[in-house]
2 protein chains.
Amino acid sequence: MELSKNKIKLIKSLDQKKQRLKHQLFVAEGKKVVQELLTSSLECEALFVTKEMELLFENESYAVITELDLKKITSLKSPNGVLALFKIPAAQQVKTEGLIVALDAINDPGNLGTIIRLCDWFGVEQLVCSENTVDCFNSKVVQSTMGSLSRVSIVYLPLAEYLQNTDLSIFCADMEGQNVYQSELPSRGILVMGNEANGVSEEIENLCTDKIMIPRFGKVQETESLNVATATAILLSEFQRKNV
Amino acid sequence: MELSKNKIKLIKSLDQKKQRLKHQLFVAEGKKVVQELLTSSLECEALFVTKEMELLFENESYAVITELDLKKITSLKSPNGVLALFKIPAAQQVKTEGLIVALDAINDPGNLGTIIRLCDWFGVEQLVCSENTVDCFNSKVVQSTMGSLSRVSIVYLPLAEYLQNTDLSIFCADMEGQNVYQSELPSRGILVMGNEANGVSEEIENLCTDKIMIPRFGKVQETESLNVATATAILLSEFQRKNV
């Protein structure tokens, strides 16, 4: 099948959040990511594969395209034979059970992708993002979640308002906070992680009920902090480690 | 000062590991990274700043260059006014005290940078890299370490040989291993982390004395693992948390 100009234009336009919202579609690329999403509850709108990949998807409905056409629609430097369009799932009610992760203005798609994977790993079912957090259907995020995207419920909302209206404990990382290794952490609550450069904004910090700190063991007490994805890894591990 | 063609050629050539080794120099860019490295034991060979950055470096010996010249030598998309050449430090003896992290074929510069930062945070003074691990003086690594590079001793060596000749316990992450949250971890030992796609190679795995596993809490038992940087964060936290 040759891709029409209009189709190519549509797919490329999905690089933009505005167009994703308009069409309610997002792009996933690569064998592994697409395969995982196909087995999820997400609805596949179109699946394009090159000749060599055809066998892998024989149980799906797909269109075979040329490498040349794939190059026209990919956002990867080295596309690897599979590109799919999925429908953006309908907004779900925010869950209140278990541990919830809330993100305040995370900018980097790789960081968001890593945090979604971490939520999936540590059994966090609800991720709440401030409206200025990078879009989870951005192709780089989809790529770096490696399929976890379908297993974590993600909602974008006015974060301050959400936190004002919860009766859950709200945790944030703060170097003035209580040593996390000596804290008793509940199995329900909200863990807020902040922007890469500026941390949690003042407005959000004021809404937090508990400040926790990952101690630094290095000899030199430099100002440089852990990056947000590794800090999230350590904190989720601390919240969940008692539950093994 | 106008940069000579030869100088520009030299600096650009340092993108390549071979040239870095030949000249025993590496490039650091950006205010924060360069400032941190200037206060370290590393020797600065040359410091180039644009007019606007001059005041920040008034106690150093520097050359003022134009934005145009900076564009010719930077490896960043948006260079931010400072580029320095540092001497590659002389190889030091491998330390045997405390916890040592060993890397088996880590490919991604961002991952290596993050792991160096984690070592710095968690007080790991010695990082041992297999010879096929990405070079720590690669500009992307230097960038992502945010200055930690000078505080962790990094050595490249034949990893199997090194592990064969140690009497320290050698830990590696393995989903068949002992639950890390229930393991008693020593304060001395070697933690081996493996390649992004393939994990620890079979040869190295056979040399490990202890296999540890980060349990998965998510409901769906997918094959996808944590990425190497987040797994390192969690394991270093587990090794050190008793020492607070």
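Look a little higher up for the structure.
Here the residue numbering is sequential within each chain, running from 1 through the sequence in written order. In the order they appear in the text, chains get letters beginning with A and ligands get numbers beginning with 1. Reporting of local features is limited, given that this is a predicted model, to residues whose pLDDT is at least 70; pairs of side-chain atoms are given and counted only at 80 or more, and all residues count toward the totals for whole chains, interfaces and linings. Based on all heavy atoms of the structure, the side-chain values leave hydrogens and waters out of the count.

## What to know about the interface of chain B and chain A
Residue contacts are counted whenever heavy atoms from the two residues lie within 4.5 Å of one another. Between chain B and chain A, the residue contacts involve 39 residues of the former and 39 residues of the latter. Throughout, the accessible surface (probe 1.4 Å) given up by two parts as they are put together, summed over both, is called the buried area. A buried area of about 3600 Å², summed over both sides, lies between chain B and chain A, and 58% of it is on carbon and sulfur atoms. Each reported salt bridge corresponds to a side-chain nitrogen of Lys or Arg within 4 Å of a carboxyl oxygen of Asp or Glu. Linking chain B to chain A there are four salt bridges. For A:Asp120, the salt bridge goes to B:Arg216, with nearest N and O atoms at 3.1 Å. Taken together, the elements giving at least two residues each to the side of chain B that touches chain A come down to α3 (31–38), α5 (109–121), β8 (170–179) and α9 (228–240) of chain B. Going along the chain from the N terminus, every DSSP run of H or I of four or more residues is numbered as a helix, and every run of E of two or more is numbered as a strand. Sort the elements by how many residues they give to the side of chain B that touches chain A and α9(B) lands first, with seven residues. Under the grouping applied here, Gly and all other residues not named as nonpolar or charged are polar, the nonpolar ones being Ala, Val, Leu, Ile, Met, Phe, Trp, Tyr, Cys and Pro and the charged ones Asp, Glu, Lys and Arg. A breakdown of the residues in the side of chain B that touches chain A according to their chemical character gives 15 nonpolar, 12 polar and 12 charged.

## Re the environment of B:Ser237
Within the secondary structure, B:Ser237 sits in helix α9. Buried means the residue's accessible area, taken with a 1.4 Å probe over protein chains only, is under 20% of the maximum for its type, while exposed means over 50%, and partly exposed covers the values in between. A relative accessible area of 2% means that B:Ser237 is categorised as buried. On a C-alpha basis, the gap between B:Ser237 and B:Trp121 in space is 9.8 Å, while along the polypeptide they are 116 residues apart. Non-local contacts of B:Ser237, meaning those with residues more than four positions away in its chain, are made with A:Tyr181, A:Ile234, A:Glu238 and B:Phe122.

## Describing the sheet that holds strand β5 (residues 99–104) of chain B
Paired through backbone hydrogen bonds, the strands of a sheet run either parallel or antiparallel to each other. All names here are of chain B. Taken together, six strands build an open sheet; the order of strands is β7-β6-β5-β9-β8-β10 and the sheet is parallel. With one partner strand each, in any of the chains shown, β7 (153–157) and β10 (210–213) form the two edges of the open sheet. Across the sheet, the mean angle from the axis of one strand to that of its neighbour is 35 degrees, orientation sign disregarded. Pairing analysis gives five bridges linking strand β6 (residues 126–130) to β7, with the strands arranged parallel. Following the sheet pairing, Cys-129 is matched in β7 by Tyr-156. Only strands that DSSP links by at least two bridges are regarded as paired with each other. Working convention: axes come from line fits to C-alpha atoms, limited for helices to the stretch in contact. Angles between N-to-C directions cover 0 to 180 degrees.

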